[in-house]
Amino acid sequence: MPEVVIPIGPQHPALKEPVNFRVIADGEKIIRLELDLSYSHRGVEKAAESRNFIRVLPLLERVCGICSHSHSTAFSKGIEEIMQLEIPPRALYIRTIIAELERMHSHMLWLGVAAHEIGFNTLFMWTWRDREVVQDTLEEMTGNRVHYGMNEIGGVRCDLTPVQVNKALSRLPNLEERVRKYVDMVNDQETMLIRFKGIGKMSREEALKFGAVGPTARASGVDIDTRRDDPYLAYQEVPWNVVTDTAGDVYGRTRVRIGELFESIKIVRYCLENLPGGQIRVNNPPKNAPEGEILSRYEAPRGELVHFIRTNGTDKVERVDIRTPTLANWTSVAMCLVNQNLADIPVIVAAIDPCLSCTSRITIVNHKNGKPGRSG
Amino acid sequence: MTDTLLLLVYIIVFPGFIFLLAYALFFEFLDRKISARMQHRVGPPLFQPFADLIKMLGKEVIDPDGVDRHVFDTAPLVALAAVMTAFLYIPVTGASPLAFQGDLVVVLYLLMLPTVALFLIGWLSRNVFSAVGGIRAVTQMFIYEVPFFLALLTPALMAGSWSISDIVLWQQEHLWFMVIQPIGFVVGLIGLQAKLERTPFDIPEAETEIVAGPWTELTGRRLALMHLTSDVSLVVGSSLIAALFLGGPALPWTVSPVWLNWIAGFLLFLAKTLAVLLILSSMKVATGRIRIDQLNAIGWKYIAGAAVVQVALVLIVDYFGVAV
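Let me begin by describing the structure that accompanies this report.

So, about the interface of chain A and chain B. Taken together, the contacts link 26 residues of chain A with 23 residues of chain B. Only strand 1 (3-8), helix 4 (89-117), helix 5 (121-142), helix 7 (190-196) and helix 13 (345-351) of chain A provide two or more residues apiece to the side of chain A that touches chain B. For the side of chain A that touches chain B, the element with the most residues is helix 5 of chain A, which contributes 5 residues. Partitioned by chemical class, the residues of the side of chain A that touches chain B number 15 nonpolar, 7 polar and 4 charged.

In structure tokens:
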């Protein structure tokens, strides 16, 4: 069969957000993949420069709908470091709890999406049902299900009451049982095994070479995790492990994420049980930040998130640059797809848990006519 | 005169077209409801499939650029007509009045037509998703059709008749073929699932890969008719399995008066087709979609192999004249 160009996107049922893959296929085999990103540039970074820190946080939270807490934490962490603020331990613990709950609902969402990509809708429905438990907990703690608005420069917005803590703790055993059920399904369900094992394989060397981050890298045996390598929040005080796998395929990435679900449950339980007392935010944090530059690293559910922040002594940032984990993982996807089956595109792409709109940082301008669009 | 009239009633009203359409829509409802409950969803209300059908019938029909309109209009009709005709040969409340030696082959042939129509639609759509889907549909057909035919012909082999109604009668006197030929029964169910393009064999219309496969460019009444064809195929397939392997509507003893016997047979038919549907729905819910190359390997290695083993067993039993 001759080579066929199959356009996937910008609108396609497998994609929840706009992106364009031009898949060059020979029959059902993929020869090459051409990526066209950045369909939903929103100018978040520019908007962030014109707002003061208090108003930047809600804006940055809206970079991503799933890891909203990640962005606001990464930013406030950086600013606090520039301001040299000492954050009360209770605030750090609350931030950690929200961060890990967020990781839990993100990974559960991913598991459902991955199952949906191979047409296994039962697991999709089940994980999304169980994800509601996590979302309910978040809603009880913060008042919101998606954009929690928990962070403030110098601490968190609201405290956790003992009732909230107990309610959250009482939900964890049930959740753990459900996650255990997913482990069984992933290991025993025949159609999942044949669709996940050996698909989108990436060796440790390749993962390092293409700069993969997060669960994608960890599934290939790269032992990186910002939470351990560059500790922030309360991760130093909490006993937990970095989950890695040697499989390097979609199956490995699934196992890493499910393993992280257990770790997250562990962290949340520890933090809830050992919640220190005291203040939840610094009294009267300064409005202006001194001049400085900082690279704030944060382990978002999808991998390492980096905020580069430059301040100029005012109450606004001079520049904030956001590198989302999805951007770091794209090259590995293009590499993984070569020589794979056409039917495996959705699941290989989904395996990095792409978050496309968050990644849209650039506008490509055609240098010949100065108009936006793909350059010649 | 009355014979012709009765035959017409049989074909058009009961258990022919009107009953068939109603039952097909009910089947779709049940299928959706069962899978919804298994997936912890609410599922559709009873008349949802009917409402969907009416709504789609009234929608605008869009012709893709450069598509042969006539073929596009005809293909769904031919597919629907084929499966509806197939149903007439399947015993619903007793032997079908249209039964003849070889109607089993006719039914299998008619059941194959929707796939061919789907391939045609996909091929003519001038859309890459449809074309890939159409090719997949036909590839898949070559994989499941052989074991499916073999599995459904083994009851005929043992009963010594090529008529479905005769096979039902044979089972009334002896045993259900599900008991005598369990391998054939399982292969038949798997083949039927593949024929109906339901998970794990929904490869031709894999939503996340090729949008809707051959269905992509279907709109309005074409889409409605094609959906109806799927529903009717589901009923025909289930009743075929019920007739060939589960003894169909035949009662092990005779009940008098005749009308009571007739009703009992009909209830048996309902119960058995619903049982088959339950199995098919569970299969759909419990699996993910496999790839076409994986289906190729599994289909020819195991499913076809199992069907051949079943045929061989039947032939050996037949040769040595073991009485069942």
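Let's pick the thread back up.
What follows covers the nonpolar core. Counting residues in hydrophobic clusters, the biggest one holds 197 residues, and the most contacted among them are Ile348 of chain A together with Val83 of chain B. Looking at this core, the element that brings in the most residues is helix 6 (residues 128-159) of chain B, giving 16 residues.

All names here are of chain A. Overall, antiparallel pairing links the 3 strands, which are arranged 6-7-8 in an open sheet. In this open sheet, the two edge strands, each paired with only one partner strand, are strand 6 (292-300) and strand 8 (317-323). The average undirected angle you get between the axes of adjacent strands in this sheet is 15°. When strand 7 (residues 303-311) meets strand 8, the two strands line up antiparallel, connected through 6 bridges.

A few words now on the packing of helix 3 (residues 68-83) of chain A against helix 4 of chain A. Residue and element names in this part refer to chain A. Remark: helix 3 packs on helix 4, axes separated minimally by 9 Å, with the N-to-C direction vectors making an angle of 145°. The two elements helix 3 and helix 4 cross, and the hand of that crossing is left-handed. Together, His69, Ser70 and Thr73 of helix 3 and Arg95, Ile98, Ala99 and Glu102 of helix 4 make up the contact between the two elements. In terms of residue class, the contact of helix 3 with helix 4 is made up of 2 nonpolar, 3 polar and 2 charged.

Residue and element names in this part refer to chain A. Look at helix 6 (residues 162-188) against helix 11 (residues 250-273): their axes get within 10 Å of each other, and the N-to-C directions meet at 165°. Here helix 11 runs roughly antiparallel to helix 6, going by the angle between their axes. The two elements helix 6 and helix 11 cross, and the hand of that crossing is left-handed. Two secondary-structure elements touch here, helix 6 through Val165, Ala168, Leu169, Leu172, Leu175, Glu176, Val179, Tyr182, Val183 and Val186 and helix 11 through Thr254, Arg255, Ile258, Leu261, Phe262, Ile265, Val268, Arg269 and Leu272. By residue class, the composition of the contact of helix 6 with helix 11 is 15 nonpolar, 1 polar and 3 charged.

To continue, consider the pairing of strand 7 of chain A. All names here are of chain A. Along strand 7, 7 of the 9 residues are buried, which leaves the element largely enclosed by surrounding structure. Counting the residues between successive antiparallel strands, the hairpin from strand 6 to strand 7 contains 2 residues. Where strand 7 folds back on strand 8, the antiparallel hairpin that results is connected by 5 residues, among which Gly313 adopts a positive phi of roughly 85°.

Rules used in this analysis
Residues numbered from 1 in each chain as written. Chains lettered and ligands numbered in written order. Predicted model: local features only at pLDDT ≥ 70, side-chain atom pairs only at ≥ 80, totals over all residues. Contact = placed C-beta atoms within 7 Å. Helix = DSSP H or I, 4+ residues; strand = E, 2+ residues; numbered from the N terminus. Nonpolar A, V, L, I, M, F, W, Y, C, P; charged D, E, K, R; others polar. Core = buried A, V, L, I, M, F, W, Y, C linked by C-beta atoms within 7 Å. Buried ≥ 20, exposed ≤ 12 C-beta atoms within 10 Å, placed from the backbone. Pairing = 2+ DSSP bridges. Axes fitted to C-alpha atoms, helices over the stretch in contact; angles between N-to-C directions. Left-handed = near helix turned anticlockwise from the far one by under 90°. Parallel < 35°, antiparallel > 145°, perpendicular 65-115°, else oblique.

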